[in-house]
Structures are given as C-alpha cells and as structure tokens.
Amino acid sequence: MAIVVCHICQSYNNRWAFLFNIGVQAFLVLSGFLYGKKNIEDWKEWGIGRIKRVYLPMFLLLVIVFPIYMFFARDNFNILGYGINYLNLQGIPFVMGGVYLIPGLRHLWFITAIMFAYLITPLLQRLKNYADVVLPFILLSVVIGHFFPMRYMFLYSWFYLYAIGYMIANVNVRLRIYYELGALFLFIVLAFYVSWDHILNYFSPAGRLFHDVAGVFFIVWGIKLFSVKFFTKIPSFVVILDKYSFDIFLVHYILFVGPFSMAHLTGSMFLNLFLFIVVTALITYLFVLMQNRFFAYLSKWIM
C-alpha cells in the first residue's frame, strides 16, 4: 500500500512520494525476517517456487504489454529495454541512471532487487545459528558502506536489508530487545536530525540512511505490535490484499505512471483515484486468471 501511494504521489510530482518509498526497505527487511523463521530443506524446489511466484508473472506481464507499447506507445517502446527486463536485469540500469527503463514499467527494478536478495538465502541459512555474531558485522558493513558512492549502496542495500531481517529473526531473544531499542533510538534521532529536504530526496545519503533505519524500525516494532493478542485476528480485506499484493504491484504502476497513466484522465483528482482503484482491481483479477491459465499450460507442457 505504501508503494502504491508512493507511485500515486510520483504521478503528481509530489515529493512525499519518497517518504512512502520506505515501503521498499520495509519489504526487504520483512522478507528476510520471514525466511529467517523457516528452514529450507529442498533448495531446488524453493528456487523454482521463487521463479514461479516472482519472475514468471513479470514475464507474462511483459509479454502482454509488449504489443500494447509497440502499437499504442511507440515513443516509449524500447526493444533493448524489454530484453533487459526479460533477463531480470532492469534493476542494474536503474541503479546506474535508469538507462533503457520503460516508462510505466520502471517499478520492475524491484524484481531484480528481491531476486538478487534471494540468492544469499542459502548462505544466510548456514549462518543463522551464528546470528548473534553475524548481525553486528552486517551492521558494521552498512556503516562502512555509507562512505562509498551512493550507486553502490543502492545495490548493497538489496542484500543487507534482507540479511538484517533474516538475522534479527534468529538472534538470541535476550539480545533482540537491544536491536529493537537500537532501531527505535536511531529512528527517533534521525527523525529529528535529518531534514525533510534530505528525507524527501531519495538520492541523499542522509535520506537513504533514514529510509534504511525506518524500514528496520517499522518491521521489528510492527512485529512486536501485531504479536499482541488483540491484533492476532487479521481483517478479511488484509488477507485479500496480502494474497494478491504482488499482482497488484505488477499491474498498478502502468495505470498511473507512464504513457497509459490515469492520473489526469478527468479534471478531478479524486475521480481519477477512484477509477484507478477500480481499474487496478479489475485488471489484477484478469491478470491472475491469465496467470492460472499460463501456469496450467506450462505445467502440462513441461510434463
């Protein structure tokens, strides 16, 4: 939801977009935490599962929008950009300046990030029993890394945010409270110390540091909050959003940013937002149906 709001703000050139972009850091930390709670026995099956859940839906989306761009948005059509996306390398040019990224599909850079993060999961599982020792070294590497150019920290953040979440899930319970308090302390300090100009500037080193700390803070304290018995019953609409969150992520951006944007469809921003939500829900539903057909055909063809 934070990322969707981020992109809505972005479509209206609103600087608050970069505050809601904290959802990126939060997602990486949360993904690491959840996998840190698991013990994967069959890495081949797990890897195929990640490809099926993350890469293949993106691949299907690209196949669908390829002719749409070619015939209806020729100025934004970039055959090399599509090739980079099909290889799942679109996150690399994003870091290096956004070369060959396709308007309306720029959000797919995150697929590169999360898939790259998954690559270190086997190593992290080997180290999970030593989390008490490993986590301080990861945090130290982050501190040292902030002395390097920002483009390298963009790349490295995919790994260290995921790794921090993974190790926090496995540190000694008595030590975890110190990390939680540390995240709280750093968040409060940076919230007062870092100016809004930096926080709302995604390419500011101080802003990046705030985003990283905020991502860790919201996850570790969010987990504590939702572990309270009062919050254990999950509302049905949250269950639905959770089930289709990745599909919503894939299709929403093209509808509000890029050549097919609905941001200025009418003279009313609220009407545009309402239409955006309705159309996003409808297209997500159709996209899920197409995925099911695609996977059924693919399974039959492979067998």
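Since we're looking at a predicted model, the values are computed, not measured.

Enquirer: Give me the packing of helix H4 (residues 43–72) against helix H14 (residues 236–256): which residues, what numbers.
Expert: Angle between the axes and distance between the axes are the two parameters that describe a pair of packed helices. With their axes 11 Å apart at the nearest point, H4 and H14 run at an angle of 25° to one another. Here H4 is positioned roughly parallel relative to H14, judged by the angle of their axes. Where H4 crosses over H14, the two elements pack in a sense that is right-handed. Of the residues in H14, those in contact with Arg-53, Val-54, Pro-57, Met-58, Leu-61, Val-65 and Tyr-69 of H4 are Lys-243, Phe-246, Asp-247, Leu-250, Val-251 and Ile-254. Its residues assigned to classes, the contact of H4 with H14 shows 10 nonpolar, no polar and 3 charged.

Enquirer: Give a description of the packing of aromatic side chains that names residues and reports values.
Expert: Under the defined criterion, the tally for this structure stands at 28 aromatic pairs. Ring plane angle 75° and centroid distance 6.0 Å describe the contact between Tyr-118 and Tyr-162, whose orientation is recorded as edge-to-face. Of this pair, Tyr-118 sits in helix H7 (residues 109–119) while Tyr-162 sits in helix H10 (residues 150–168); the two residues are 44 residues apart in sequence, bridging distant segments of the chain. Overall, Tyr-162 belongs to the buried group, its relative accessible area being 0%. Just above the ring of Phe-295 sits the side chain of Lys-52; from NZ or CZ to the centre is 5.3 Å. The positively charged end of Lys-224 is found above the aromatic ring belonging to Trp-221, 5.9 Å away from the centroid.

Enquirer: Break down the side chain of Glu-180 for me, with residues and values.
Expert: On the secondary structure map, Glu-180 appears in helix H11 (residues 173–193). If sequence neighbours within four positions are ignored, Glu-180 has contacts with Val-220, Trp-221 and Lys-224.

Enquirer: Go over the pattern of salt bridges with me, naming the residues and quoting the values.
Expert: Under the definition given, this model contains 3 salt bridges. The partner of Arg-15 in a salt bridge is Asp-197, with the nearest N and O atoms 3.6 Å apart. Residue Arg-15 is found in the loop between helix H1 (2–11) and helix H2 (17–20), and its partner Asp-197 is found in helix H12 (residues 196–199); the two are separated by 182 residues along the sequence. Looking at Arg-15, the relative accessible area reads 41%, which means it is partly exposed. The class for Asp-197 is exposed, based on a relative accessible area of 53%. The closest approach of N and O atoms between Lys-224 and Glu-180, which form a salt bridge, is 3.5 Å. Residue Lys-224 is found in helix H13 (residues 205–226), and its partner Glu-180 is found in helix H11; the two are separated by 44 residues along the sequence.

Conventions adopted
- Residues numbered from 1 in each chain as written.
- Predicted model: local features only at pLDDT ≥ 70, side-chain atom pairs only at ≥ 80, totals over all residues.
- Heavy atoms only, no water.
- Axes fitted to C-alpha atoms, helices over the stretch in contact; angles between N-to-C directions.
- Helix = DSSP H or I, 4+ residues; strand = E, 2+ residues; numbered from the N terminus.
- Parallel < 35°, antiparallel > 145°, perpendicular 65-115°, else oblique.
- Left-handed = near helix turned anticlockwise from the far one by under 90°.
- Contact = heavy atoms within 4.5 Å.
- Nonpolar A, V, L, I, M, F, W, Y, C, P; charged D, E, K, R; others polar.
- Phe/Tyr/Trp six-rings, centres within 6.5 Å; stacked < 30°, edge-to-face > 60°.
- Buried < 20%, exposed > 50% of the residue type's maximum accessible area, 1.4 Å probe, protein only.
- Lys NZ or Arg CZ within 6 Å of the ring centre and 35° of its normal.
- Salt bridge = Lys/Arg side-chain N within 4 Å of Asp/Glu carboxyl O.

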